[in-house]
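Observations on the model geometry
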Amino acid sequence: MKNQSENKNSGIQYDAFISYRHVKTDSMVAEALHKKLEHYHIPKKIQRETGKKKIRRIFRDQEELPLSSNLTDTIYETLDHSEFLIVICSPEALASEWVQREVEYFVSHHGRDKVLTVLVRGEPEESFPSILCEKAEPLAANVRGDSEKEIQKKLDREFLRLAAAMLGCSYDDLKQRHREYRMKRMMTGMGIGMTLALLFSSYAIYQNIRNTGTISGNKEKSGKVSGAGSASIDG
C-alpha cells in the first residue's frame, strides 16, 4: 500500500511554483526565469543520470491578489501539486503578505528543502522569509545588480543553480555540460556559416566567370559582324 507521501507525489503536475511580489524588477526576474527553465535543453548526460528530459511546467501567477483575500482553492491545489517552490526574494517580497502565505503553506506541506530562492535585491536578512531562515540561511541564486541588464546577465548563469536542484544533479556538473553544449552549438553555427559563405563565394565566382565569358563572346560576335560589313563595302 502506498504511503501518504507517495500519494501526494503521484499528483505532482508542476515542476515548480514561482512566488514573487508584483513589482517591476521582481516580475521581470520571475518572467525571465519562467522562460529559461521551461525552454532549457538538459544535456544528454544529465538526462541519462537523472532520467529527466525536460523541465516541463512552471506555474507563475500573473495577477496580484488583494491582501484581504484567502488563498484560493486553485492556488492551494497548485502549491500542493508543485514539486518545488521558487521564491523571488527582495525587501518588497518580504513585506508581501501574499508571498508569505504561499511560502508558509508550501513549507507546511512539502518542507523547506523543496524551496529555492532567488535574491533580487537587498541583503538576505531583509529579503528572505523568516520561515526559511529558522535553521540556516537558504542557499540562493544571487542576481542582484545595478541595472536590469546586469540582473539579466547574472540570471543567465545563476538559473542553472535552480535547474540543478530541480534535476537532482551537481551545479558544477550541470554548468560544465551547459558550457559544452553552448560551445557545440556555437561551433555548429560557425560551420554552417562558413559553408554558406563558401557556397555564396563559389556561386559569385561562377557567375563572374559566366558573365565574363558572355561579354567576350558578344565582343567576338560584334567583331565578326563588323568585319563582314567592311568586306561588303569594300567589294
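Here, the structure is the one placed above.
Residues numbered from 1 in each chain as written. Predicted model: local features only at pLDDT ≥ 70, side-chain atom pairs only at ≥ 80, totals over all residues. Heavy atoms only, no water.

1. What to know about the packing of helix 4 (residues 73-80) against helix 6 (residues 97-110)
The test is simple: Fitted lines through C-alpha atoms give the axes, limited to the stretch in contact for helices. The angle between two N-to-C directions lies from 0 to 180 degrees. By the criteria applied, helices consist of DSSP H or I runs no shorter than four residues and strands consist of E runs no shorter than two, each listed in order from the N terminus. Orientation is classified from the angle alone, with under 35 degrees giving roughly parallel, over 145 giving roughly antiparallel, 65 to 115 giving roughly perpendicular, and any other angle giving oblique. Rotating anticlockwise by less than a right angle from the far helix to the near helix defines a left-handed crossing, while the corresponding clockwise rotation defines a right-handed one. Contact criterion: two residues are considered in contact whenever any of their non-hydrogen atoms come within 4.5 Å of each other.
Running from N to C, helix 4 and helix 6 point in directions that differ by 45 degrees, and their axes come no closer than 10 Å. For the element pair helix 4 / helix 6, the angle class is oblique. Viewed along their axes, helix 4 and helix 6 form a crossing whose handedness is right-handed. On the side of helix 4, the interface is formed by Ile75, Tyr76, Leu79 and Asp80, while helix 6 contributes Trp98, Glu102, Tyr105, Phe106, His109 and His110.

2. Section: the sheet that holds strand 4 (residues 115-119)
What counts, and what does not: A pair of strands is treated as paired once DSSP finds two or more bridges between them.
As summarised here, the arrangement of the 5 strands in space is 2-1-3-4-5, forming an open sheet in which the pairing is parallel. With partners counted over all chains shown, the strands left at the sheet margins are strand 2 (58-60) and strand 5 (140-142), one partner each. Between one strand and the next, the sheet's axes are offset by a mean angle of 20 degrees, whatever the strand orientation. Sheet topology places strand 1 (residues 14-19) next to strand 3 (residues 82-89); 5 bridges connect them, and they run parallel. When the sheet's bridge partners are listed, Ile18 is paired in strand 3 with Ile86.

3. As for the environment of Thr50
Rules: Classification of residues uses two cut-offs on accessible area relative to the type maximum, computed with a 1.4 Å probe and protein chains only: under 20% is buried, over 50% is exposed, and between them is partly exposed. Pairing of N or O atoms within 3.5 Å defines a polar contact, subject to two protein rules: one partner must be a possible hydrogen donor and the other a possible acceptor, and residues neighboring in sequence count only if both atoms are side-chain atoms.
Within the fold, Thr50 resides in helix 3 (residues 44-50). For Thr50, a relative accessible area of 23% gives the class partly exposed. For the pair Thr50 and Leu167, spaced 117 residues apart in sequence, the C-alpha to C-alpha distance is 6.6 Å. In this view, Thr50 contacts Leu167 and Cys169; residues no more than four positions away in its chain are not counted. Within the structure, the side chain of Thr50 is placed 2.7 Å from the backbone oxygen of Ile46, a separation counted as a polar contact. Side-chain polar atoms of Thr50 contact the backbone nitrogen of Lys52, separated by 3.2 Å.

4. Here's the deal with a positive patch on the surface
As a reminder, the rule being used: Only residues whose relative accessible area exceeds 30% and that form no salt bridge are eligible for patches; like-charged ones are grouped when within 9 Å, while nonpolar side chains (Val, Leu, Ile, Met, Phe, Trp, Tyr) are grouped when within 5 Å. Note that accessible areas follow from Shrake-Rupley with a 1.4 Å probe, and for residues the cover is restricted to the protein chains shown. The rule for a salt bridge is simple: a side-chain nitrogen of Lys or Arg has to be within 4 Å of a carboxyl oxygen of Asp or Glu. Charge convention: Lys and Arg are scored as positive, Asp and Glu as negative, and His as well as the terminal groups of each chain are ignored. Working definition for charges: the position is that of NZ of Lys, CZ of Arg, CG of Asp or CD of Glu.
Where like charges cluster on the molecular surface, the positive patch consists of Lys44, Arg48, Lys53, Lys54 and Arg56. With respect to the helices and strands, Arg48 occurs in helix 3. The exposed category is assigned to Arg48, whose relative accessible area is 66%.

5. Topic: the packing of helix 2 (residues 24-38) against helix 7 (residues 148-167)
For any two helices packed against each other, the geometry comes down to the angle between their axes and how far apart the axes lie. What counts, and what does not: Charged means Asp, Glu, Lys or Arg here, nonpolar means Ala, Val, Leu, Ile, Met, Phe, Trp, Tyr, Cys or Pro, and polar covers whatever is left, Gly included.
Axis separation between helix 2 and helix 7 bottoms out at 10 Å; the angle between their running directions is 50 degrees. With respect to helix 7, the axis of helix 2 lies oblique. For the crossing formed where helix 2 meets helix 7, the hand is right-handed. Contacts between helix 2 and helix 7 involve Lys24, Thr25, Met28, Val29, Ala32, Leu33, Lys36 and Leu37 from the former and Glu148, Ile151, Gln152, Leu155, Asp156, Phe159, Leu162, Ala163 and Met166 from the latter. Across the contact of helix 2 with helix 7, the residue classes break down as 11 nonpolar, 2 polar and 4 charged.

6. What about the pairing of strand 4?
Burial analysis of strand 4 places 5 of its 5 residues in the buried class, the great majority of the element. Residues Val115, Thr117 and Leu119 line one face of strand 4 and the alternating positions Leu116 and Val118 line the opposite face, and both faces are buried. Looking at chain direction, strand 3 and strand 4 are connected through 5 bridges and run parallel. Paired with Leu85 across the two strands is Val115, which belongs to strand 4.

7. Observations regarding the packing of aromatic side chains
Counted only if it meets this: Here the aromatic set is Phe, Tyr and Trp, taking the six-membered ring for Trp, and pairing holds for ring centres within 6.5 Å; pairs whose planes are under 30 degrees apart are stacked, those over 60 apart are edge-to-face, and all others are tilted. For a ring to carry a charge above it, either NZ of a lysine or CZ of an arginine must fall within 6 Å of the ring centroid while also lying within 35 degrees of the normal to the ring plane.
Under the definition given, this model contains 4 aromatic pairs. Measuring from ring centre to ring centre gives 5.5 Å for Tyr40 and Phe159, while their planes differ by 85 degrees; the resulting arrangement is edge-to-face. Within this pair, whereas Tyr40 is found in the loop between helix 2 and helix 3, its partner Phe159 is found in helix 7, the two being separated by 119 residues in sequence. For the pair shown, Tyr40 and Phe159 are each scored as buried. Members of the aromatic cluster, connected to one another through ring pairs, are Tyr14, Phe17 and Phe59. One residue, Arg161, lies across the ring of Tyr171, its end atom 4.2 Å from the ring centre.

These results come straight from atomic positions and should not be treated as a statement about function.
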